Amino acid sequence: NAGVTQTPKFQVLKTGQSMTLQCAQDMNHEYMSWYRQDPGMGLRLIHYSVGAGITDQGEVPNGYNVSRSTTEDFPLRLLSAAPSQTSVYFCATTGDLPGEQYFGPGTRLTVT
Amino acid sequence: GESVGLHLPTLSVQEGDNSIINCAYSNSASDYFIWYKQESGKGPQFIIDIRSNMDKRQGQRVTVLLNKTVKHLSLQIAATQPGDSAVYFCAENTGGFKTIFGAGTRLFVKA
């Protein structure tokens, strides 16, 4: 059981480039979410999904797209990277209780 | 607006002592609170949770206390060990799957 996996672990982009952060889970959880974590701040919700084919915006969705074609995968796309998107990105699934979240190891993204 | 904050950004304790990490929340409608531990280079890890109809919940070496009157949450770690060194986040669930995280407290354990 791998839990929640994320790739890549590190990424450097130039301003304007696009890329996709991958997230996969083998816990058979319906709910998945993406957060960003900036220094000295808590996690902020970017997008979330309550099941395959359903996605919705979180607190800071601008500049990001998501899709959920399967229960297992929830990729996060940066459309045109900006330095303000330099952050650590975490994918999570939710267990039986709404706040009981299981996080992946994170992707550290730097945009120059 | 909604916010979850922490009283202290860092906490340093001696190995073997008890640690108390505090958290304030502002949304009186929140009915579910969670503590997470985040070690360096890793994602947050669920520690313990508590519902608003409780004022205390105990786990293995950890206790969460909830004071709804003053909107205060605390995490107590008994006999703190070096492996407890991490950043601890409190979070509140405001209904459904929306969880708001605080900024975190870094716990240092001195040997």
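Up top is the structure.
1. Topic: the overall build of chain B
So, step 1. For chain B, the count of helices and strands is zero helices and 11 strands.
So, step 2. In summary, chain B has a C-alpha radius of gyration of 13 Å against a globular reference of 13 Å for 111 residues, a match within 12%.
So, step 3. Across its three principal axes, chain B shows a C-alpha extent of roughly 40 × 25 × 20 Å.
So, step 4. Across the 111 residues that make up chain B, the buried fraction comes to 43%.
So, step 5. In chain B, of all internal contacts separated by at least 6 residues, the share reaching a separation of at least 24 is 52%.
So, step 6. Counting every atom, chain B has about 5,400 Å² of accessible surface; 48% of that belongs to carbon and sulfur.

2. A word on the pairing of strand β5 (residues 45-51) of chain B
All names here are of chain B.
So, step 1. Of the strand pairs in this sheet, strand β4 (residues 32-38) and β5 are connected by six bridges, and their pairing is antiparallel. Bridging from a neighbouring strand, Trp 35 pairs with Ile 48 of β5.
So, step 2. Here β4 folds back onto β5, and the loop between the two strands holds six residues, one of which, Gly 41, carries a positive phi near 80 degrees.

3. Some thoughts on the interface of chain A and chain B
So, step 1. Listed by partner, the interface residues are 18 residues for chain A and 19 residues for chain B.
So, step 2. For the pair chain A and chain B, the two sides together bury roughly 1,500 Å², of which 60% comes from carbon and sulfur.
So, step 3. There are zero salt bridges connecting chain A and chain B.
So, step 4. Of all the secondary structure elements, the ones that give two or more residues to the side of chain A that touches chain B are β4 (32-37), β9 (87-94) and β10 (101-103) of chain A.
So, step 5. A breakdown of the residues in the side of chain A that touches chain B according to their chemical character gives nine nonpolar, seven polar and two charged.

4. Comments concerning the state of the cysteines
So, step 1. By the definition in use, this model includes two disulfides over all chains.
So, step 2. Residue Cys 23 of chain A pairs covalently with Cys 91 of chain A via a disulfide, S to S 1.8 Å. An S-S torsion of about -70 degrees defines the bridge between Cys 23 of chain A and Cys 91 of chain A as left-handed. Separated by 68 residues along the polypeptide, Cys 23 of chain A in strand β3 (residues 19-25) and Cys 91 of chain A in strand β9 bring together distant segments of the chain.
So, step 3. Judged by relative accessible area, Cys 23 of chain A falls into the buried class, the value being 2%.
So, step 4. The exposure class assigned to Cys 91 of chain A is buried, which follows from its relative accessible area of 0%.
So, step 5. One disulfide bridge connects Cys 23 of chain B with Cys 90 of chain B, the sulfur atoms lying 1.8 Å from each other. The chirality of the disulfide connecting Cys 23 of chain B with Cys 90 of chain B is right-handed, given an S-S dihedral of about 55 degrees. One end of the pair, Cys 23 of chain B, is in strand β3 (residues 19-25); the other, Cys 90 of chain B, is in strand β9 (residues 86-93), and 67 residues separate them in sequence.
So, step 6. The class of Cys 23 of chain B is buried, set by a relative accessible area of 1%.
So, step 7. You can call Cys 90 of chain B buried: its relative accessible area is 0%.

5. Let's talk about the sheet that holds strand β8 (residues 76-78) of chain A
Residue and element names in this part refer to chain A.
So, step 1. Spatially, β1-β3-β8-β7 is the arrangement adopted by the four strands of the open sheet, whose pairing is antiparallel. In the strand order of this sheet, the two ends are held by β1 (4-7) and β7 (64-66), each with one partner. The sheet shows a mean angle of 20 degrees between the axes of neighbouring strands, direction not considered.
So, step 2. By the bridge criterion, three bridges tie β3 to β8 in an arrangement that is antiparallel. If you follow Met 19 over to β8, its bridge partner there is Leu 78.

How each quantity is defined
Throughout this description, residue numbers start from 1 for each chain and increase along the sequence as written. Starting at A for chains and at 1 for ligands, labels are handed out in the order in which the entities are written. In view of the model being predicted, local features appear only for residues whose pLDDT reaches at least 70, and side-chain atom pairs are presented and counted only at 80 or more, with totals across whole chains, interfaces and linings using the full set of residues. Calculation of side-chain values draws on the structure's entire complement of heavy atoms; hydrogens and water are dropped beforehand. Numbering of helices and strands runs from the N terminus; a helix is a DSSP stretch of H or I covering at least four residues, while a strand is a stretch of E covering at least two. What the globule rule says is 2.2 Å times the number of residues to the power 0.38, and the radius of gyration is computed from C-alpha atoms. Classification of residues uses two cut-offs on accessible area relative to the type maximum, computed with a 1.4 Å probe and protein chains only: under 20% is buried, over 50% is exposed, and between them is partly exposed. Between two residues, a contact is recorded if the distance between any of their heavy atoms is within 4.5 Å. Under the convention used here, a 1.4 Å probe and the Shrake-Rupley method define accessible areas, while residue burial counts only the protein chains that appear. Here the rule is simple: two strands pair whenever DSSP picks up at least two bridges between them. The term buried area denotes the loss of accessible surface (1.4 Å probe radius) that occurs when two parts are joined, taken as the sum for both partners. What makes a salt bridge here is a side-chain nitrogen of Lys or Arg within 4 Å of a carboxyl oxygen of Asp or Glu, nothing more. Just so you know the grouping, Ala, Val, Leu, Ile, Met, Phe, Trp, Tyr, Cys and Pro go in nonpolar, Asp, Glu, Lys and Arg go in charged, and all remaining residues, Gly too, go in polar. Throughout, disulfides are identified as pairs of cysteine sulfur atoms within 2.5 Å of each other. Axes here refer to lines fitted to C-alpha atoms; in helices the fit is confined to the stretch in contact. Angles between the N-to-C directions go from 0 to 180 degrees.

From the geometry alone we can't say anything about function, so treat these as descriptive.
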